[in-house]
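# Residue-level structure breakdown
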Amino acid sequence: MHFQVSSEDFTRAGEASSAVKKALKKLGLPPDIIRRVAIAMYEGEINMVIHAKSGEIDVVITPDYIDMTLRDNGPGIQDVELAMQAGYSTAPEEVRNLGFGAGMGLPNMKKNSDEMTIDTELGVGTTVKMKVYINTPS
Amino acid sequence: MKIKDVMEILDAELIDGQNLLDNEVHTACGSDMMSDVLAFVKDQSVLMTGLINLQVVRTAEMMDMVCIVFVRGKRPDDAIISLARDRNIALLSTEHPMFTACGKLYEAGLRGGCSPQ
Ligand SMILES: Nc1ncnc2c1ncn2[C@@H]1O[C@H](COP(=O)(O)OP(=O)(O)O)[C@@H](O)[C@H]1O
Ligand SMILES: [Mg+2]
């Protein structure tokens, strides 16, 4: 599944995650797996809208895992380790007034995915890849 | 407890979801920070919030929540109502402020849906 995400309109943030959630439900996957994917992708989608200008999301669903790739052309992340810390946020006040920008997004994405990598370059953009296993590998 | 019980306990007005009133709820969570809500997971929760925007409904959707209560008499607009209807999420509005609304539900036996970790 492929989605274009634009930061023009905050109200539309989450549409892609919602569509993926619906598709996973249709496939009859376990509710906890669906919820982990939904939360991780939604926080990622919100980040694209808040922190980057625009981006795209690719989701691949296989019998074994769900792969999410979120690619944006935003400002990039200066210090990924710092950004991963709970509570760290550069989001402006107006974003906090919308209910986001608590600095919980990236840590929560990590918590809800089995694998997560962040590739980022200042002034170029950020790519976040997340994988959620359907049958957790031993 | 059912959504209709929540409605009664909070003297709340049903804004949408007449067909959902018999749905069971076990836990509740009160917050204006949606990223905090997303960081704490439990089934079948009620979300109490003073925040009015579409992301409140999306957050509830991602978390499989079945009911949103807007506190302090706040009322959602049509876009919020129609999204919630599509996602089968009941919408209530209570005049009580957040603290009182949470206390009333706790007293009635509902427990926190926002445990740390
Ligand atoms: N896609 C992105 N592009 C640029 N910066 C980002 C992106 N995602 C996250 N960040 C940076 O990492 C910080 C922490 O992100 P996160 O944990 O989601 O918290 P929040 O979004 O609430 O600020 C953000 O404040 C921002 O500085
Ligand atoms: Mg974030």
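Up top is the structure.
Read on for a plain summary of the structure. Everything quoted here is computed from the prediction, not taken from an experiment. (Residues numbered from 1 in each chain as written. Chains lettered and ligands numbered in written order. Predicted model: local features only at pLDDT ≥ 70, side-chain atom pairs only at ≥ 80, totals over all residues. Heavy atoms only, no water.)

### A closer look at the interface of chain A and chain B
- Contact residues are listed per partner, giving 26 residues for chain A and 23 residues for chain B.
- Together, the buried faces of chain A and chain B total about 2000 Å²; carbon and sulfur atoms form 53% of this surface.
- Among the residues of chain A in contact with chain B, Arg35, Tyr42 and Lys111 of chain A are the three that bury the most area, contributing 27% of the side total.
- Taken together, the connections running from chain A to chain B amount to four salt bridges.
- A salt bridge links Asp64 of chain B to Arg35 of chain A; its shortest N-O distance comes to 3.5 Å.
- Summed over the shared surface of chain A and chain B, the number is 16 residue pairs in polar contact (both at pLDDT 80 or more).
- Looking at the side of chain A that touches chain B, the elements that each hand over two or more residues are α1 (15–26), α2 (31–51) and α5 (105–112) of chain A.
- A per-element tally of the side of chain A that touches chain B places α2 of chain A first, with six residues. (Contact = heavy atoms within 4.5 Å. Buried area = accessible area lost by both parts, 1.4 Å probe. Salt bridge = Lys/Arg side-chain N within 4 Å of Asp/Glu carboxyl O. Polar contact = N/O pair within 3.5 Å; in protein donor to acceptor, adjacent residues only side chain to side chain. Helix = DSSP H or I, 4+ residues; strand = E, 2+ residues; numbered from the N terminus.)

### Side note on the packing of α2 of chain A against α5 of chain A
Residue and element names in this part refer to chain A.
- Where α2 meets α5, the axes come as close as 9 Å, and the angle between the chain directions of the two elements is 155 degrees. When the axis of α2 is compared with that of α5, the two are roughly antiparallel. The element α2 and its partner α5 pack so that their crossing is left-handed. Contact with α2, carried on its side by Arg36, Ile39, Ala40, Glu43, Gly44 and Asn47, involves Gly105, Leu106, Asn108, Met109 and Asn112 of α5 and no other residues of that element. (Axes fitted to C-alpha atoms, helices over the stretch in contact; angles between N-to-C directions. Parallel < 35°, antiparallel > 145°, perpendicular 65-115°, else oblique. Left-handed = near helix turned anticlockwise from the far one by under 90°.)

### Overview of a nonpolar patch on the surface
- Together, Met1, Leu27 and Ile61 of chain A make up an exposed nonpolar region whose accessible area comes to about 260 Å².
- Checked against the element boundaries, Ile61 of chain A lands in strand β2 (residues 54–61). (Patch = residues over 30% accessible without salt bridge, like charges linked within 9 Å, V, L, I, M, F, W, Y side chains within 5 Å. Areas by Shrake-Rupley, 256 points an atom, 1.4 Å probe, with all protein chains shown as cover.)

### Some details on the pattern of salt bridges
All names here are of chain B.
- A complete count under the given rule lists 14 salt bridges over all chains for this structure.
- Taking the shortest distance from any N to any O, the salt bridge between Arg58 and Glu61 comes out at 4.0 Å. Here the residue Arg58 and the residue Glu61 both occupy positions in helix α3 (residues 54–62), the gap between them amounting to three residues, near one helical turn. Each member of the pair, Arg58 as well as Glu61, carries the same accessibility label: buried. (Buried < 20%, exposed > 50% of the residue type's maximum accessible area, 1.4 Å probe, protein only.)

### Notes on α5 of chain A
- The buried fraction of α5 of chain A amounts to six of the eight residues, a majority that puts the element mostly inside the structure.
- Along α5 of chain A, the residues classified as buried are Gly105, Leu106, Pro107, Asn108, Met109 and Asn112 of chain A.

### Considering the sheet that holds strand β2 (residues 27–30) of chain B
All names here are of chain B.
- On the basis of which strands lie adjacent, the open sheet formed by six strands has the order β1-β5-β4-β3-β2-β6 and mixed pairing. Both edges of this open sheet fall to β1 (13–16) and β6 (111–112), since each of them pairs with a single strand only.
- In this structure, strand β4 (residues 67–70) lies alongside strand β5 (residues 90–93), joined through four bridges in parallel fashion. Pairing of Phe70 across the sheet is with Ser93, part of β5. (Pairing = 2+ DSSP bridges.)

### What to know about helix α5 (residues 98–107) of chain B
Residue and element names in this part refer to chain B.
- Taken as a whole, α5 has its buried residues at Met98, Ala101 and Leu105. Projected onto a plane normal to the axis of α5, the buried residues spread over an arc of 70 degrees and lie on a single side. Structural note: α5 exposes Phe99 and Glu107 on the side pointing more than 90 degrees away from its buried face.
- Tucked inside the fold, the buried residues of α5 contact α1 (3–9), β2 and β3 (45–49).
- Of the residues trailing α5, Gly109 is marked for its positive phi of about 110 degrees. (Arc of directions from axis to C-beta.)

### A short note on the site of ligand 1
Residues and elements named next belong to chain A.
- In the vicinity of ligand 1, 18 residues are found, and the nearest of them are His51, Asp72, Ser89, Thr90 and Gly103.
- Note that an oxygen atom of ligand 1 is positioned 2.6 Å from one of the side-chain N or O atoms of Thr90.
- Note that an oxygen atom of ligand 1 is positioned 3.3 Å from one of the backbone N or O atoms of Gly105.
- Out of a free accessible area of 530 Å², ligand 1 has 94% covered by protein chains.
- Judged by the proximity of its atoms to the pocket grid, ligand 1 belongs to the largest pocket.
- Going through the elements one at a time, α2 and α5 are the ones with two or more residues in the shell around ligand 1.
- Sort the elements by how many residues they give to the shell around ligand 1 and α5 lands first, with three residues.
- When its residues are assigned to classes, the shell around ligand 1 shows eight nonpolar, nine polar and one charged. (Near = heavy atom within 4 Å. 1 Å grid on protein atoms, 1.4 Å probe; cavity = no way out; pocket = protein on both sides within 12 Å on 5 of 7 lines; lining within 4 Å. Sits in = over half its atoms within 2 Å of the grid points. Nonpolar A, V, L, I, M, F, W, Y, C, P; charged D, E, K, R; others polar.)

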